[in-house]
Amino acid sequence: MWQFIKYVFATIVGLFLFSLLGFFLFIGLAAALGSSEERTTLESNSVLKLNLNSQIQEVSVENPFAELSGGQGSVIGLLDIKSALANAKLDDHIKGVYLDVQYPMVGWASAEEIRDALIDFKKSKKFVYAYGEVMTEKAYYLASVADKIYLNPAGGMEWNGLSAEYDFYKGTLDKLDVKPLVFRVGEFKSAVEPFFRENMSDASRLQNQVLINTVFDHAVEKISQSRSIPVAQLKNLADSLNIDSPQNALKYKFVTHVGYYDEVETALRNELKLKEDDKIKFVGLSKYGKAEKLVKEGKSDSRIAVIIGEGAINSGKSSDGNIGSETIAEELRKARKDKKVRAVVLRINSPGGSALASDVMWREVQLTRKEKPVIASMSDVAASGGYYMAMGCDKIVAQPNTITGSIGVFSVLFNFEDAFRNKLGITFDRVNTNAHSDWPSVTREMTPFESNRMQRSTENIYAIFTKKAAEGRKMPLAKLQSLASGRVWSGKEAKANGLIDEFGGLDKAIQVAAQAAKLKEGDYRVKYPAQKNVFEELINKFTGDAEEQMMQQKLGTFAPYIKTLKKLQLMEGTQARMAFEMKIK
């Protein structure tokens, strides 16, 4: 029997070691492929192919196997897309751009930057073709600048306006006998409403309604300009649901053609003056990234450093989907001490998070701007703690459809005493040296005195937040507080009320930084962050995907809700955070 157990154990160990060896061989192969600096030699009459149906983040995740999977990674960088379009504009080998756009996983402000880059590319008089079997509103927003837009005859287009939806967990917590203990400042600070309400408060409904109206109005205005369709007609078509078929999309001039992919290829061949059997020379984003750089860099002894923070804000190191205050503070210190860096652009894409971590980064911004200009560039969202990061900068640049503001804080604790007793039969007892030695506790009711202390602490942090925001924006505290109360604003509204300075994307922020540093075009070089480390991303993906798939298998459609509840574990201390997850669709 013992011999049998030894054989079984040895087999298990062998299989484990074999799997481990295989995994590291895979990483080694990935590194070997990824480290190759072989330049892409382009053929004449090539077409830059952009598949915009991937997840789009600020910085790409390096994928050494990209060229084996269509020339593009699963997570692509906004910087890479814009850089490719700027280079292709000058590249005589590139005759045009082909957009595969159906379900872009990108925010509205990032979509605006891609759209602007496409408009700039068209100044070269080169063509832009777009095709989709189906198109969401965001996909159409991107495609609307194309010279020719093809929609599959059996496909469809979503054109019915925008909707914002929240999940509410009061019913779940009631069933579990879990009591939320909420402390907040600001009637619009709706991030905690999912824990004690079953629907939006009037204040939350008001701010969300105004926000999505502003975002949709901006999109409609831009589409109207590109497609020469009156704004009123675009809104009426959304109300009437008349864009219910590809044929109607053609009838109302949303698209230029209804056709299959092979028909798109035929049109491209005609555009490129190719024969029927000639192969179209498509080049993907990853491959084109290794082509000759035609956009000239400035002098390397004068630099503008771009520091990117993307995700929820926490203390410690940054990770995928999280901004670590320690990491951002370190990057700001490095830029401050680097004599070649003449200005800093802090790019922010965050709904907020820890108030403490936000304040740590604010301090480093203050120290840095004493020595060189610091400009904030807001991406899709820079709200609450994300606004905290920006408010101390010399200037703030955002898109009209950026989500910002949410100047407010909250603290949330949960009392699990009834849940443990009623669901699991577990009870708790304790001894203390002082009246509140065990405070705060998740296994007993909070006393009125303790609740008052918690509320007072939350109000103190709000006072610090608003005071520093008022100083940063150079406005009276009373005016700033009238714009605060946790209210979320669009970039357009934020510009009108003084919370931001200028409209534009990252490129605009870099121009503002150069002007502030008294640098002329060509006199400086932009220092962008490197791609994310391939080893870390492979390991994160290996472990993260396994957990994600297991959760999906076990819970099915309930998986996203459990995932949201798990985020509660990150809510330590007072939070400067907007609502959990605002789904605009």
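Up top you'll find the structure we're talking about.
Residues numbered from 1 in each chain as written. Predicted model: local features only at pLDDT ≥ 70, side-chain atom pairs only at ≥ 80, totals over all residues. Heavy atoms only, no water.

Engineer: Quick question: what am I supposed to make of unusual backbone geometry here?
Structural biologist: Excluding glycine, a negative phi dihedral is what most residues carry, and trans is how most peptide bonds are arranged. The peptide bond linking Trp439 to Pro440 adopts the cis configuration, its omega dihedral lying at -5°. Tracing the chain through its elements places Pro440 in the loop between helix 15 (417-424) and helix 16 (448-473). In the Ramachandran plot, Lys253 falls in the positive-phi region, its phi being about 70° despite a non-glycine side chain. Lys253 sits in the exposed class, given a relative accessible area of 57%. Positive phi is not limited to glycine here, since Ser485 has a value of about 55°. (Helix = DSSP H or I, 4+ residues; strand = E, 2+ residues; numbered from the N terminus. Buried < 20%, exposed > 50% of the residue type's maximum accessible area, 1.4 Å probe, protein only.)

Engineer: How should I be thinking about empty space enclosed by the protein in this particular structure?
Structural biologist: It is a probe the size of a water molecule, rolled over the atoms, that shows where empty space is left. For the coordinates displayed, the defined rule picks out two cavities of 30 Å³ or more. Its volume calculated, the second largest cavity comes out at about 30 Å³. What lines the second largest cavity is Trp108, Glu137, Tyr141, Trp159, Leu162, Phe216, Ala219 and Ile223. Where the lining of the second largest cavity is concerned, the elements lending two or more residues are helix 4 (137-143) and helix 7 (202-227). The dominant element in the lining of the second largest cavity, judged by the number of residues it contributes, is helix 7, at three residues. Of the residues in the lining of the second largest cavity, the class split is seven nonpolar, no polar and one charged. (1 Å grid on protein atoms, 1.4 Å probe; cavity = no way out; pocket = protein on both sides within 12 Å on 5 of 7 lines; lining within 4 Å. Points joined across faces, edges and corners; volume = space filled by probe spheres on them. Nonpolar A, V, L, I, M, F, W, Y, C, P; charged D, E, K, R; others polar.)

Engineer: Quick question: what am I supposed to make of a nonpolar patch on the surface here?
Structural biologist: A cluster of nonpolar residues, Leu424, Ile426 and Phe428, forms a patch on the protein surface that exposes about 280 Å² of accessible area. Locating Leu424 in the fold gives a position in helix 15. The exposure class of Leu424 is exposed, given its relative accessible area of 58%. (Patch = residues over 30% accessible without salt bridge, like charges linked within 9 Å, V, L, I, M, F, W, Y side chains within 5 Å. Areas by Shrake-Rupley, 256 points an atom, 1.4 Å probe, with all protein chains shown as cover. Salt bridge = Lys/Arg side-chain N within 4 Å of Asp/Glu carboxyl O.)

Engineer: Would you mind showing me how to read the packing of aromatic side chains here?
Structural biologist: Any two aromatic rings considered together are summarised by their centre-to-centre distance and by the angle between their planes. According to the stated counting rule, one finds 14 aromatic pairs in the structure shown. On the numbers, 5.6 Å between centres and 45° between planes, the contact of Trp159 with Phe216 is tilted. Here the residue Trp159 occupies a position in the loop between strand 6 (148-157) and strand 7 (164-165), and Phe216 occupies one in helix 7, the gap between them amounting to 57 residues. What links up through ring pairs into an aromatic cluster is the set Phe195, Phe414, Phe416, Phe420 and Phe428. Just above the ring of Tyr141 sits the side chain of Arg115; from NZ or CZ to the centre is 4.6 Å. (Phe/Tyr/Trp six-rings, centres within 6.5 Å; stacked < 30°, edge-to-face > 60°. Lys NZ or Arg CZ within 6 Å of the ring centre and 35° of its normal.)

Engineer: Is there a simple way to think about the packing of helix 3 (residues 108-121) against helix 7 in this case?
Structural biologist: Two numbers describe a pair of packed helices, the interaxial angle and the distance between the axes. Viewed as axis vectors pointing N to C, helix 3 and helix 7 meet at an angle of 15°, and their least axial separation amounts to 12 Å. As judged from the angle between their axes, helix 3 and helix 7 are roughly parallel. As for how helix 3 packs across helix 7, the hand of that crossing is left-handed. For the pair formed by helix 3 and helix 7, the contact residues are Trp108, Glu112 and Arg115 on the first element and Val215, His218, Ala219, Lys222, Ile223 and Ser226 on the second. (Axes fitted to C-alpha atoms, helices over the stretch in contact; angles between N-to-C directions. Parallel < 35°, antiparallel > 145°, perpendicular 65-115°, else oblique. Left-handed = near helix turned anticlockwise from the far one by under 90°. Contact = heavy atoms within 4.5 Å.)

Engineer: Help me understand the sheet that holds strand 1 (residues 46-51), please; the structure alone is not making it clear to me.
Structural biologist: The strands that make up a sheet are held in pairs by hydrogen bonds between backbone atoms, and each pair lies either parallel or antiparallel. If you trace the six strands from one edge of the open sheet to the other, you get 9-6-5-4-1-10, paired in parallel fashion. Of all strands in the sheet, those bounded by a partner on one side alone are strand 9 (257-258) and strand 10 (281-283). Bridging between strand 5 (residues 127-135) and strand 6 involves six bridges; their strand directions are parallel. Note on strand 6: the bridge partner recorded for Val134 is Gly156. (Pairing = 2+ DSSP bridges.)

Engineer: How should the side chain of Asn45 be read in this particular structure?
Structural biologist: Relative to the elements of secondary structure, Asn45 occurs in the loop between helix 1 (2-34) and strand 1. Within the structure, the side chain of Asn45 is placed 3.0 Å from the backbone oxygen of Leu272, a separation counted as a polar contact. Aside from chain neighbours lying at most four places away, what touches Asn45 is His93, Lys95, Leu272, Leu274 and Lys281. (Polar contact = N/O pair within 3.5 Å; in protein donor to acceptor, adjacent residues only side chain to side chain.)

Engineer: Is there a simple way to explain the packing of helix 12 (residues 325-337) against helix 13 (residues 355-369) in this structure?
Structural biologist: Running from N to C, helix 12 and helix 13 cross one another at 5°; their axes reach a closest spacing of 9 Å. With respect to helix 13, the axis of helix 12 lies roughly parallel. The residues of helix 13 that touch helix 12, namely those facing Ser325, Ile328, Ala329, Leu332, Arg333 and Arg336, are Ala357, Val360, Met361, Glu364, Val365, Leu367 and Thr368. Within the contact of helix 12 with helix 13, the residues separate by chemical class into eight nonpolar, two polar and three charged.

Engineer: I'm lost on the environment of Gly505 in this one. Help?
Structural biologist: Assignment of secondary structure puts Gly505 in the loop between strand 21 (502-503) and helix 19 (506-516). C-alpha separation for the pair Gly505 and Arg347, spaced 158 residues apart in sequence, amounts to 9.5 Å. Ignoring any residue separated from it by four or fewer positions in sequence, one finds Gly505 in contact with Glu113, Arg347, Ser377, Val397 and Gln399.

Engineer: What's the story with the environment of Glu221 in this structure? I'm lost.
Structural biologist: As for its placement among the helices and strands, Glu221 is situated in helix 7. Counting along the chain gives 13 residues from Glu221 to Leu234, while the straight-line C-alpha distance between them is 9.2 Å. Leaving out residues up to four positions away in the same chain, Glu221 has contacts with Val231 and Lys492.

Engineer: How do you make sense of the nonpolar core when you look at a structure like this?
Structural biologist: Most often, soluble globular proteins keep nonpolar side chains buried together rather than apart. With 61 residues, the main nonpolar core has Leu48, Trp159 and Phe254 as its most contacted residues. Among residues more than four places away in sequence, those in contact with Trp159 are Glu137, Tyr140, Phe216, Val220, Ile223, Leu234, Leu237, Ala238, Leu241, Ile243 and Phe254. Membership of the second largest hydrophobic core comes to 44 residues, among which are Ala355, Val365, Ala484 and Ala494. (Core = buried A, V, L, I, M, F, W, Y, C linked by side-chain atoms within 4.5 Å.)

Engineer: Please explain the side chain of Ser350 as it appears in this structure.
Structural biologist: Relative to the helices and strands, Ser350 resides in strand 14 (residues 341-350). In contact with Ser350, not counting residues within four places along its chain, are Gly311, Ala312, Ile313, Ile323, Val381, Ala382, Ala383 and Gly386.

Engineer: I tried to follow the pairing of strand 4 (residues 94-100) on my own but got confused; where do I start?
Structural biologist: As a general feature of sheets, a regular strand has side chains that alternate between the two faces. Here strand 4 lies mainly inside the structure; six of its seven residues are buried. Sheet topology places strand 1 next to strand 4; six bridges connect them, and they run parallel. Following the sheet pairing, Val47 is matched in strand 4 by Gly96. Here strand 4 pairs with strand 5 via five bridges, running parallel. In the sheet register, Val97 faces strand 5, and the bridge partner there is Val128.

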